[in-house]
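So you can see what is in the structure, the chains are spelled out below.
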Amino acid sequence: MSQESKELYVVPAKFRKLENLHILFWLVKDLCWCLLFKPLGIVMIAPTLLVAMWITWKNRHIIAELAHNLAITIWIMANSMWMVAEFYGVDETVKPYCIIPFSIGIVILLYYYLIYAPLQRRKEHIEVIQAAVVPSPTPVAEEV
């Protein structure tokens, strides 16, 4: 069994509730978009984006979480730009600019999966091999 499968990632209940609330905000924002409820849809950008940024900040010490949450935050930004553009009938003008944040999110995740994660696995593998090859010194009993 790999080290990664043995690791346990524990999320405090208080933080998990905030993550779940974030999903509710996001769904309300997107439902408002679908139903063309402009004022509520625009208002929901703030809590959705702020909670995404908070989650990203709180998980910044775990690189996998940071990469994914950063990509989600950028996705919400692009998604919100697109929504507002559609609300005001300028989506054909703004939509091409949404490609920029969507692409940045993809680049972050590509970097994580193609460069960072493989390097970390290789580093951990080397550490395991070194630990197995180089035994820790054992004290030698002195003869009296």
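Caption draft 1: Broad picture of unusual backbone geometry. Of note, the phi angle at Leu 36 is positive, near 60°, even though the residue is not glycine. Note on Leu 36: relative accessible area 56%, which makes it exposed.

Caption draft 2: Region of the structure containing the packing of aromatic side chains. Within the structure shown, the criterion is met by five aromatic pairs. When the ring of Trp 33 is compared with that of Trp 82, the centres are 5.8 Å apart and the planes differ by 65°; the resulting orientation is edge-to-face. Taken together, the residues span a long stretch of sequence, with Trp 33 in helix 2 (residues 13-35) and Trp 82 in helix 5 (residues 63-87) at a distance of 49 residues. Since its relative accessible area comes to 13%, Trp 33 is described here as buried. For the pair Trp 82 and Phe 102, a centre-to-centre distance of 6.5 Å together with 80° between the ring planes defines the contact as edge-to-face. Of this pair, Trp 82 sits in helix 5 while Phe 102 sits in helix 6 (residues 91-133), and the two are 20 residues apart along the sequence. The rings of Trp 33, Trp 82 and Phe 102 are connected pair by pair, giving a single aromatic cluster. Over the ring of Tyr 88 we find Lys 38; its NZ or CZ atom is 5.5 Å from the centre of that ring. Across the ring face of Trp 57, the terminal group of Arg 60 is positioned such that the distance to the ring centre comes to 3.7 Å.

Criteria and thresholds
- Here the residue index of a chain counts from 1 through its sequence in written order.
- Owing to the predicted nature of the model, reporting of local features is limited to residues with pLDDT of at least 70; listing and counting of side-chain atom pairs is limited to 80 or more, with chain, interface and lining totals taken over all residues.
- Note: side-chain values were computed over all heavy atoms of the structure, leaving out hydrogens and water.
- For every residue, the accessible area (1.4 Å probe, protein chains only) is compared with the maximum for its type, and the residue is labelled buried under 20%, exposed over 50%, or partly exposed between those bounds.
- Between the rings of Phe, Tyr and Trp (Trp by its six-membered ring), a pair exists once the centres lie within 6.5 Å; its type follows the angle of the planes, with under 30 degrees stacked, over 60 edge-to-face, and the other angles tilted.
- Working definition: helices are DSSP H or I runs of at least four residues, strands are E runs of at least two. Numbering for both runs from the N terminus.
- We count a charge as sitting over a ring when the NZ of a lysine or the CZ of an arginine lies within 6 Å of the ring centre and within 35 degrees of the ring normal.

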